[in-house]
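# A closer look at the structure
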Amino acid sequence: MRRAVTALLISVSIGGSAALAREASEPPCSHHAKVDERGDHVMGFDHTKTSHHFLLTPSGGSIEVSVKDAADTASRDAIRGHLSHIARMFSEGNFEAPMLIHDTVPPGVPTMKRKKAVIDWQYEETTSGGRVRITTKDPDALAAIHEFLRFQIEDHQTGDSTEISEGAKED
């Protein structure tokens, strides 16, 4: 019996070491790399050629995307198409795109779906891409918008502030 247990332990130990060696030799696949990969597919443009920003304001915030190279009109046009589509989808309570990109329901989405009638999603074209301004006067919707934008900042690793910018331009 003792020999059987010892043989089993040795077998498990060797098998476990082999599995660890296989894992160590495989390239690491981070969550953020998958977000970028899925994002490129869902958004229709290459994240390496563009710059994303998520900004928090006292009345909501904004999603802003621009091309890094002003001559890249194909990416600029793709950004504009994506953001105008997103503004329409989000105003209807459809948040499938961020769920596909992030492989989870982002924080704030359930409340934003429920409160869709009190949130304004306004698309604006910019020189180098586009912006979606998000505004509301509803405190619960506002908290959900800020929660959603903070999640985006973290998951897209934009480096944007997670604080509400009092000095942010609001129309």
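These figures come from a predicted structure and were not determined experimentally. (Residues numbered from 1 in each chain as written. Predicted model: local features only at pLDDT ≥ 70, side-chain atom pairs only at ≥ 80, totals over all residues. Heavy atoms only, no water.)

### Topic: the overall build of the protein chain
To keep it simple, the criterion reads: In this description a helix means any DSSP run of H or I spanning at least four residues, a strand means any run of E spanning at least two, and both kinds are numbered starting from the N terminus. Exposed residues in this analysis have more than 50% of their type's maximum accessible area, buried residues have under 20%, and partly exposed residues fall in between, with area computed by a 1.4 Å probe over protein chains only. In what follows, residue pairs with any heavy atoms lying within 4.5 Å of each other are defined as contacts. To measure how exposed things are, a 1.4 Å probe is used in the Shrake-Rupley method; for residues, cover is taken only from the protein chains shown.
Secondary structure assignment for the protein chain yields six helices and four strands. Going from the N terminus to the C terminus, the protein chain shows its helices and strands as α-α-β-β-α-α-α-β-β-α. When each of the 171 residues of the protein chain is scored for burial, the buried share is 39%. Partitioning the intrachain contacts of the protein chain with sequence separation of at least 6 by distance along the chain shows that 62% fall at a separation of at least 24. Only carbon and sulfur atoms are counted for the fraction: they give 54% of the accessible area of the protein chain, which is about 10,000 Å².

### Description of unusual backbone geometry
Its identity as a non-glycine residue notwithstanding, Q157 has a phi of 50 degrees, on the positive side. Here Q157 shows up in the segment after α6 (139–155).

### Describing the packing of aromatic side chains
For the record, the criterion: Centre distance within 6.5 Å is the pairing criterion for rings of Phe, Tyr and Trp, where only the six-membered ring of Trp is used; planes under 30 degrees apart are then read as stacked, over 60 as edge-to-face, and the remainder as tilted.
Counted by the stated rule, this structure contains five aromatic pairs. With centroids separated by 4.4 Å and ring planes inclined at 25 degrees, the aromatic side chains of F90 and F95 adopt a geometry described as stacked. F95 carries the same exposure label as F90, and that label is buried. Aromatic pair F90 and F148: ring centres 6.0 Å apart, planes at 85 degrees, arrangement edge-to-face. Linking F90 in helix α3 (residues 73–91) with F148 in helix α6, this pair joins segments that are 58 residues apart in sequence. Overall, the relative accessible area of 3% leaves F90 in the buried class. Residue class for F148 comes out buried when judged on its relative accessible area of 1%.

### Notes on the sheet that holds strand β2 (residues 60–67)
Sheet strands associate in pairs through backbone hydrogen bonding, adopting either a parallel or an antiparallel arrangement. Stated formally: Strand pairing follows a simple DSSP-based rule, namely that at least 2 bridges must link the two strands. Fitting a line to C-alpha atoms yields each axis, with helices limited to the stretch in contact; the angle taken between N-to-C directions then spans 0 to 180 degrees.
A sheet is described by the order of its strands in space; here four strands give the open sequence β1-β2-β4-β3, paired in antiparallel fashion. Edge positions in the sheet fall to β1 (50–57) and β3 (119–126), since each has one partner strand and no second. Pairwise comparison of adjacent strand axes, ignoring direction, gives a mean angle of 15 degrees for this sheet. Across eight bridges, the pairing between β1 and β2 is antiparallel. Bridged to H52 within β2 is V65. Sheet strands in contact with α3 are β1, β2, β3 and β4 (129–136), and its direction is about 170 degrees off that of β3. Its contacts with the sheet put α6 on β1, β2, β3 and β4, and the angle it makes with β1 is roughly 150 degrees.

### Remarks on α6
Spelled out, the test is: To estimate the expected span of a helix, subtract one from its residue number and multiply by 1.5 Å. In protein, a polar contact requires one atom able to donate a hydrogen and another able to accept it; more generally it is a pair of N or O atoms within 3.5 Å, and residues adjacent in sequence count only if both atoms are side-chain atoms.
Taking 1.5 Å per residue as the helical rise, α6 with its 17 residues ought to reach 24 Å, and the 24 Å between its terminal C-alpha atoms agrees with that figure. Looking at α6, one finds that the buried residues are A141, L142, A144, I145, H146, F148, L149, F151, Q152, I153 and D155. Among the residues of α6, the N-terminal cap falls to D138, whose side-chain oxygen and the backbone nitrogen of D140 are separated by 3.0 Å. Just beyond α6, the residue with positive phi is Q157, at close to 50 degrees.

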